[in-house]
Amino acid sequence: MFDRLQAVEDRYDRLNELLSDPEIVNDSKKLAKFSKEQSDISETVEVYREYKEVKQQYQDAKEMFEDKLDPEMRELVKEEVNELEEQITKLEDHLRLLLIPKDPNDSKNVIMEIRGAAGGDEAALFANTLFRMYSRYAEAQGWKIEVMNANPTELGGYKEIVFMINGQGAYSKFKFESGAHRVQRVPETESQGRVHTSTSTVVVMPEAEEVELDIADKDIRVDIYHASGAGGQHVNKTASAVRMTHIPTGVVVAMQDERSQLKNRDKAMKVLRARVYDKLQQEAQDEYNAERKSAVGTGDRSERIRTYNFPQNRVTDHRIGLTIQKLDQIIEGKIDEIFDALILEEQANKLESLND
């Protein structure tokens, strides 16, 4: 472990040198890349340096303890040695966690897509419930929500809603939400009071920056057409809707929420870049998981990951067997208990993989 920590510290020092090199400073892509790498390992280096300092204090205190001291001084030194031993243990545990391979996307903004699946109108209403839950959680973190595209239903649900959450570390929290979410409740449209089961699907993608994924113009086909559906007077009168196709991967994005073709084009490009980046990552992850299983759940986007049982005020996350009797609070955005449990499970799996 300590060889790896020393290598991280050496790399940090090297990055400091690179970031002061005029050639790097004048190259925006390299500057961004090295700055991010340095930021990602800075906490590890800081804790490792603290560990080395405490370890030295411990060695000094032990040497002092072995000297001939009067009983009162000896007792004080013994107390200091015990405190430093405890501090060393805590720092070692912290360093083990810091050495767990980090998801390079954890600090990013996210683009989320929620769709009503099985259950018709009730599935669309549940899609709205999920959007509201995620929105409230994001707002409590001080993160900004931007709806990119929405296909609402007459009853107030969503057949589909695509939105971005802008906030440091947003992906680290929301990345576990991809999959099928099942709801059991009495729909507003149910006159007999019977409980129905419906599902909505969630896809979570990290926002991809241009420096990470350079999509060439020749690889994109852009179609402009008249918007359709809800949208006011501009519908079918202004050719403002945009459809983008990434030819190499076949990924397609359609955007018509804005009246301006330029705004729709900008939003479509953000979503396209995220979907292409996500597709490439999924392929790499599938290949990795085939060799070593460390993900929470299977990673399959169609996997049923969670059930929300309204009559019993219960939420169950099927991947980790977690059941919480606080559905009324969770749908108001208080979902940290679930997120924290999933993060701990991921860390435990990764630690186990490191020890294999």
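Higher on the page you've got the structure.
Residues numbered from 1 in each chain as written. Predicted model: local features only at pLDDT ≥ 70, side-chain atom pairs only at ≥ 80, totals over all residues. Heavy atoms only, no water.

(A) Summary view of the overall build of the protein chain. Along the protein chain, the regular secondary structure elements total nine helices and 11 strands. Every one of the 356 residues in the protein chain was classed for burial, and the buried ones make up 41%. In the protein chain, the proportion of contacts linking residues at least 24 apart, taken out of those at least 6 apart, comes to 61%. As displayed, the protein chain offers around 19500 Å² of accessible surface, 46% of which is attributable to carbon and sulfur atoms. (Helix = DSSP H or I, 4+ residues; strand = E, 2+ residues; numbered from the N terminus. Buried < 20%, exposed > 50% of the residue type's maximum accessible area, 1.4 Å probe, protein only. Contact = heavy atoms within 4.5 Å. Areas by Shrake-Rupley, 256 points an atom, 1.4 Å probe, with all protein chains shown as cover.)

(B) A nonpolar patch on the surface, seen in detail. A contiguous nonpolar patch, built from M64, M73 and L76 and spanning about 260 Å² of accessible area, is present on the exposed surface. Looking at where L76 falls in the secondary structure, it is placed in helix 4 (residues 71-98). (Patch = residues over 30% accessible without salt bridge, like charges linked within 9 Å, V, L, I, M, F, W, Y side chains within 5 Å. Salt bridge = Lys/Arg side-chain N within 4 Å of Asp/Glu carboxyl O.)

(C) Here's a closer look at the side chain of T129. Note that T129 resides in helix 5 (residues 120-140). By relative accessible area, T129 is classed as buried at 13%. Contacts of T129, omitting those with residues within four sequence positions, involve R185 and I331.

(D) Molecular detail of the sheet that holds strand 10 (residues 314-317). Overall, mixed pairing links the eight strands, which are arranged 2-3-1-5-4-9-10-11 in an open sheet. For this open sheet the edge positions go to strand 2 (144-152) and strand 11 (322-324), each flanked by a neighbour on one side alone. Averaged over all adjacent pairs, the angle separating strand axes in this sheet is 15 degrees, with direction ignored. (Pairing = 2+ DSSP bridges. Axes fitted to C-alpha atoms, helices over the stretch in contact; angles between N-to-C directions.)

(E) Examining the sheet that holds strand 6 (residues 220-225) more closely. Taken in spatial order, the three strands make up an open sheet running 6-7-8, and their pairing is antiparallel. Lying at the two open borders of the sheet, with one neighbouring strand each, are strand 6 and strand 8 (251-255). On average, each strand axis in the sheet is inclined to that of its neighbour by 15 degrees, with strand direction left out of account. One ladder, built from five bridges, connects strand 7 (residues 241-246) with strand 8; its direction is antiparallel. What sits directly across from R243, in strand 8, is A254.

(F) Region of the structure containing the nonpolar core. Judged by nonpolar contacts, the single largest core of 33 residues is most densely connected at M112, I114, Y134, I165 and F174. Those elements giving two or more residues to this core turn out to be strand 1 (110-116), helix 5, strand 3 (158-166), helix 6 (170-174), strand 5 (196-206), helix 8 (327-330) and helix 9 (336-355). In terms of residues, this core owes the most to one element, helix 5, which gives eight residues. Setting aside anything within four residues of it in sequence, one finds I114 in contact with A127, L130, F131, Y134, K159, E160, I161, F163, T201 and V202. If you look at the next biggest cluster of nonpolar residues, it comprises 19 residues, including V162, M205, M244 and M255. (Core = buried A, V, L, I, M, F, W, Y, C linked by side-chain atoms within 4.5 Å.)

(G) Looking closely at helix 3 (residues 28-66). The first and last C-alpha atoms of helix 3 sit 56 Å apart over 39 residues, in line with the 57 Å expected at 1.5 Å per residue. When the local axis directions of helix 3 are compared, the greatest deviation, roughly 40 degrees, occurs at I41. The set of residues buried in helix 3 consists of F34, Q38, I41, T44, V45, V47, Y48, Y51, V54, Y58 and A61. Here the buried face of helix 3 lies against helix 1 (2-19), helix 2 (22-25) and helix 4. (Expected span 1.5 Å × (residues − 1). Bend = angle between axes of the 7 residues up to and from the residue.)

(H) Up close: the environment of M255. In this structure, M255 sits in strand 8. With a relative accessible area of 1%, M255 lands in the buried category. Apart from the residues within four sequence positions on either side, M255 is in contact with M148, N149, S240, A241, V242, N264, K267, A268 and V271.

(I) Spotlight on the layout of surface pockets. For the largest pocket, the calculated volume is near 1200 Å³. Along its surface, the largest pocket is lined by 38 residues, and D40, K102, D103, P104 and D106 are the ones closest to its centre. Those elements that place two or more of their residues in the lining of the largest pocket are helix 1, helix 3, helix 4 and helix 9. It is helix 3 that provides the largest number of residues to the lining of the largest pocket, a total of 11 residues. (1 Å grid on protein atoms, 1.4 Å probe; cavity = no way out; pocket = protein on both sides within 12 Å on 5 of 7 lines; lining within 4 Å. Points joined across faces, edges and corners; volume = space filled by probe spheres on them.)

(J) Fine view of the packing of aromatic side chains. If you walk through the whole model with that rule in mind, you get 10 aromatic pairs. An angle of 70 degrees between the planes, with centres 4.8 Å apart, marks the rings of F131 and F163 as edge-to-face. With a gap of 32 residues between them, F131 in helix 5 and F163 in strand 3 connect regions that are remote in the sequence. Side by side, F131 and F163 carry an identical accessibility label, which is buried. Consider the rings of F174 and F339, whose centres lie 5.7 Å apart with planes at 75 degrees: the pair is edge-to-face. With F174 in helix 6 and F339 in helix 9, this residue pair connects regions lying 165 residues apart in the sequence. (Phe/Tyr/Trp six-rings, centres within 6.5 Å; stacked < 30°, edge-to-face > 60°.)

(K) Focus on the environment of S240. Topologically, S240 is positioned in the loop between strand 6 and strand 7. Once the C-alpha coordinates of S240 and K263 are considered, the two residues, 23 residues apart in sequence, prove to be 8.9 Å apart.

(L) The arrangement of the pattern of salt bridges in detail. For the coordinates displayed, the defined rule picks out 25 salt bridges. Measuring nitrogen to oxygen at the nearest pair gives 2.7 Å for the salt bridge that ties E9 to R49. With a gap of 40 residues between them, E9 in helix 1 and R49 in helix 3 connect regions that are remote in the sequence. Ionic pairing is found between R185 and E122, a salt bridge with its closest N-O pair at 2.5 Å. A residue pair is termed long-range when its members are at least 10 positions apart, and R185 in strand 4 (residues 179-185) and E122 in helix 5 qualify at 63 residues. Relative accessible area serves as the criterion here: at 12%, R185 is assigned to the buried category. In this structure E122 comes out as buried when scored by relative accessible area, which is 6%. A network of salt bridges, in which partner residues are shared, links E9, D13, R49 and K52.

In short, geometric facts, not functional conclusions.
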